[in-house]
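Close look at the chain arrangement
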Amino acid sequence: MTEQDRVTVNDPRGPVNNGDGHQYVFYGAGTDWMIRKGVASLRITREDRVRLADRFAPPMGYREAADRLEKPGSVVLLGGPPGCGRRAAAIMLLHGFGEDGGTDEEGIRFEELPATGTDESPLVPGTGDRFLLDLSGIVDEEAYDHAQRRLAVRRSQVQEAGAHMVVVLPSGMEHAHPPDLDPHTVRLGRPRDVAVVTRYLRMDGMPFRPADLGSPDLQHLCDRSPMRELARLAGLVRAARDSGRFGTDFAGWLDQAMHAVTDRAGEVGRQVAAVRTAPERALLLATAMFEEAPADTVYEAWHGLMKTVRHEEEATTELARKDFGERLAGLGIERDPDGRLRFDRLAYADAVRTYFWANFPGVRDDLRDWIGRAAGLRGLTTDDRVNVVVRFGERALAVERPDHLFDLVVRWADRTTGTPCDPRAVAALELGLGHERSGGWFRKRMYECVARSGSLSDGLARVLTTACVQSLSTTHPDQAVVRLHYLAVRQGEAGREAREALLGLAGRDRRLYRLLIDRLRDRARREPREADPHLQLLTELLRNGRAPDPPPWPDLFLGWEAVFSQPPTPLWNPLVSSWLDTVADDSTQKMALDVMVGATRGRAAALHRLYAIACDWAGSTHHPSRAAVAALFWHHIDHVQYGRTERTTAGPRTTEEAR
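Values in this document were obtained by computation on a predicted structure and should not be read as measured data.

On to the overall build of the protein. Within the protein one finds 29 helices and 9 strands. Once local pairs closer than 6 in sequence are excluded, the contacts in the protein between residues at least 24 apart make up 72%. Surface exposure of the protein reaches about 28,100 Å², of which carbon and sulfur atoms provide 50%.

Okay, structure coming up:
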């Protein structure tokens, strides 16, 4: 099975035309973990597109691109300098095809296609579907040449289906751009930069006047910064206001945000250079990782870090050394009235973490092991733990060490006993899955884990199931189905939970329902000796309570055909009875009877079994509607088996005939 990389653009948190991070929403065991700034996410739900539309400042050339995209089957390619908001523009162009300015129509897809990798299943677009293809991360000609070949296939598919696609082109690769695509290319320019900041601030309810944004320093920052940095700046203004620590006027908040964007890296570098001892540097990093945690917990984490990096204890007793409060004050760390620690400067902790991961590469393995232990310290709340996980994950992904983050997923999940998932493992995995550069690595790693299910612990299986349902299903639903299928055929409680998750996911989406039917049919056909778990899953999937509404009769026919081609089993009873119940309650669903009988392809054993099930079902209670439904079902069976049409109201044949 190859790695499937279709991305359903369904759910990014926070602005896309925005800062060096997006808001993240983590879920685990049914609980909302947190919303915070994190690394860029692939998720783009309709709600988030609406949020982006409120803050979006159209770049130069946007109107031309929108006009070209209106025609069904159109493909528009966006060029332009880095940082001009190409991805945000692409999302907004596609967003404009919903009803009432962005409400998705029933059945219309909004998906992001993979820039690299191999598709697990072919793209099958429908009329009006919207696709985003972001090639901006491609930096070499070989990868771009491969992407162009895939683009040619997708472009043809989109055009034939009457769908719409926007492609974000890579910068600096103009020399490798095929001339035949030039007529479909629109080059974007930067929007008015202050307008970007203004829209974000207004949507955050900031009290300011246009004159407050007229400083030369701000104008200089706007002139040279990518759109995401300007969105980050606006977010820091909001953070300064919400903290209550930086005054009560807009000018003060903006000043703090400007310093955070422009000065923090240099400030941290100078501080680390001035602090030469391992304990002080370790305390600086421990506070940055555990900011807002209780002081005693940070103290414990600090000593754990020194032990992990093999720093020898000082020979003198603690009472003879500099006390903890003095150390904190010397590093610019405050203890709030609740006893929690924080830096006295806005966004300083972010800068500290960035500095250590960038400038001390030799201790990254140690930092992974330290966080693996310290994220479970007793004094931490669930939110504290997830904060620590996200902070570590941001840094690990920034230096392209996704394996460090996944190592912790496995470590935490394997230690879990009982049914609840470890929230740290779920948060770490969802962070990795949502990362634009490393998301594919995590999806592939998940596939490798489930495909080698023999070495998979129940704890990790539960974490993977949770991530499939709550994260992967919104960005890569096809891949979620594939991974859940592997998990669902496992034995035990973890396998049962995966089955419920898979059946629930497929039952909510007609396309995924058909995908799972096809997958189960194919697996049962290709692996006859191991077909039982797949057939059991297929039989459960085909029950009335699992099917989408209205019932997709062609898909049900294919599924029933696969089931009824096998020797009859007791599993057929609840399947057939569920549809007999449905028809008895709603006569408009009587198509089920004809389709089900037709799916037997006239196989005598299958027809006899259906007849017997109907007999038992009709005789279980004396109700006129049941008798009528059973009679109609028998009529269809007789017509297929004997070519008879007269049995429309008669009862069943003899017991011997029926069975």
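A few words on the pairing of strand β3 (residues 75-79). Taken across its 5 residues, β3 has 5 buried, putting it largely inside the fold. As paired elements, β3 and strand β6 (residues 164-168) share 4 bridges and run parallel to each other. Residue pairing for β6: L78 is matched across the bridge by V168. Note that β3 and strand β7 (residues 185-187) share 3 bridges and pair parallel.

Attention now goes to the sheet that holds β3. Neighbouring strands of a sheet are bound in pairs by backbone hydrogen bonds; such pairs are parallel or else antiparallel. Taking strand neighbours across the sheet as the criterion, the 5 strands line up as β4-β5-β6-β3-β7 in an open arrangement whose pairing is parallel. Single-partner strands in this sheet number two, and they are β4 (110-113) and β7. With strand direction ignored, the average angle separating the axes of adjacent strands in the sheet is 20°. Bridge count for β4 against strand β5 (residues 130-134) is 4 bridges, and the pairing is parallel. The residue of β5 that forms the bridge with F110 is R130. Each of β3, β4, β5 and β6 is contacted by helix α4 (residues 141-161), which is oriented at about 155° to β6, the strand it contacts most.

Moving on, we get to the packing of aromatic side chains. Applying the stated criterion across every chain, the model contains 19 aromatic pairs. Pairing F356 with F360 gives two aromatic rings, centres 5.2 Å apart and planes at 20°, and the pair type is stacked. Owing to a relative accessible area of 6%, F356 belongs among the buried residues under this scheme. Among the residues examined, F360 registers a relative accessible area of 25% and is labelled partly exposed. Note on W441 and F442: the rings are 5.1 Å apart at their centroids and 75° apart in plane angle, and the pair reads as edge-to-face. Taking relative accessible area as the criterion, W441 reaches 33% and is therefore assigned partly exposed. Ring pairs connect the aromatic residues Y299, W302 and F324, which therefore count as one cluster. In this structure, R49 packs its charged tip against the face of F110, placed 3.9 Å from the ring centre. The residue whose ring lies beneath R345 is Y348, and the NZ or CZ to ring-centre distance is 4.1 Å.

Attention now goes to unusual backbone geometry. The step from D549 to P550 runs through a cis peptide bond, and the omega angle for that step is 0°. Tracing the backbone shows P550 in the loop between α23 (532-541) and α24 (553-564). The phi dihedral of A347 is positive, around 60°, even though this residue is not glycine. On the secondary structure map, A347 appears in the loop between β9 (341-343) and α13 (348-359). Accessibility expressed as a relative area gives 16% for A347, which makes it buried. Of note, R601 is a non-glycine position whose phi angle comes to about 55°, a positive value. Positionally, R601 belongs in the loop between α26 (591-598) and α27 (604-619). By relative accessible area, which is 53% here, R601 ends up exposed.

Here the protein shows a mean pLDDT of 86. Residues at 70 or above account for 87%. For the protein, per-element mean pLDDT is lowest for strand β1 (residues 22-28), which scores 32, and highest for helix α14 (residues 364-374), which scores 98. Segment residues 1-40 is flagged for pLDDT under 50; beyond a separation of four residues in sequence, or across chains, it makes 195 contacts in the model. Long-range and interchain partners of residues 645-652, a stretch whose pLDDT sits below 50, account for 20 contacts in this model, where long-range means more than four residues apart.

Now for the pattern of salt bridges. Side chains that differ in charge, positive against negative, can pair when their charged atoms come close. One pass over the structure, following the stated rule, counts 42 salt bridges. Across the salt bridge formed by R232 and E229, the nearest N and O atoms sit 3.9 Å from each other. Of the two residues, R232 and E229 are both situated in helix α7 (residues 227-243); the distance of 3 residues between them amounts to about one turn of the helix. Given a relative accessible area of 12%, R232 falls into the buried group. The class of E229 is buried, set by a relative accessible area of 19%. Put simply, R514 and D555 hold a salt bridge, and the shortest N to O gap is 2.7 Å. Of this pair, R514 sits in helix α22 (residues 510-526) while D555 sits in helix α24, placing them 41 residues apart in sequence. For R514, a relative accessible area of 31% translates into the label partly exposed. Three or more residues are tied together by salt bridges with common partners; here these are R109, E111, D129, D478 and R511.

With that settled, consider the side chain of R281. Tracing the backbone shows R281 in helix α10 (residues 278-289). The buried charged residue R281 lacks any salt bridge partner; its closest oppositely charged side chain belongs to E280, at an N-O distance of 8.8 Å. At 2.7 Å, the side chain of R281 forms a polar contact with the backbone oxygen of V275.

Turning next to the nonpolar core. Judged by nonpolar contacts, the single largest core of 128 residues is most densely connected at F290, W370, I371, L429, W560, F564 and F633. Dropping the residues within four chain positions of it, F564 is found in contact with W572, L575, V576, M596, A599, T600, R603, A606 and L610.

Parameters and conventions
Residues numbered from 1 in each chain as written. Predicted model: local features only at pLDDT ≥ 70, side-chain atom pairs only at ≥ 80, totals over all residues. Heavy atoms only, no water. Helix = DSSP H or I, 4+ residues; strand = E, 2+ residues; numbered from the N terminus. Contact = heavy atoms within 4.5 Å. Areas by Shrake-Rupley, 256 points an atom, 1.4 Å probe, with all protein chains shown as cover. Buried < 20%, exposed > 50% of the residue type's maximum accessible area, 1.4 Å probe, protein only. Pairing = 2+ DSSP bridges. Axes fitted to C-alpha atoms, helices over the stretch in contact; angles between N-to-C directions. Phe/Tyr/Trp six-rings, centres within 6.5 Å; stacked < 30°, edge-to-face > 60°. Lys NZ or Arg CZ within 6 Å of the ring centre and 35° of its normal. pLDDT = per-residue confidence, 0-100. Salt bridge = Lys/Arg side-chain N within 4 Å of Asp/Glu carboxyl O. Lys, Arg positive; Asp, Glu negative; His and termini not counted. Polar contact = N/O pair within 3.5 Å; in protein donor to acceptor, adjacent residues only side chain to side chain. Core = buried A, V, L, I, M, F, W, Y, C linked by side-chain atoms within 4.5 Å.

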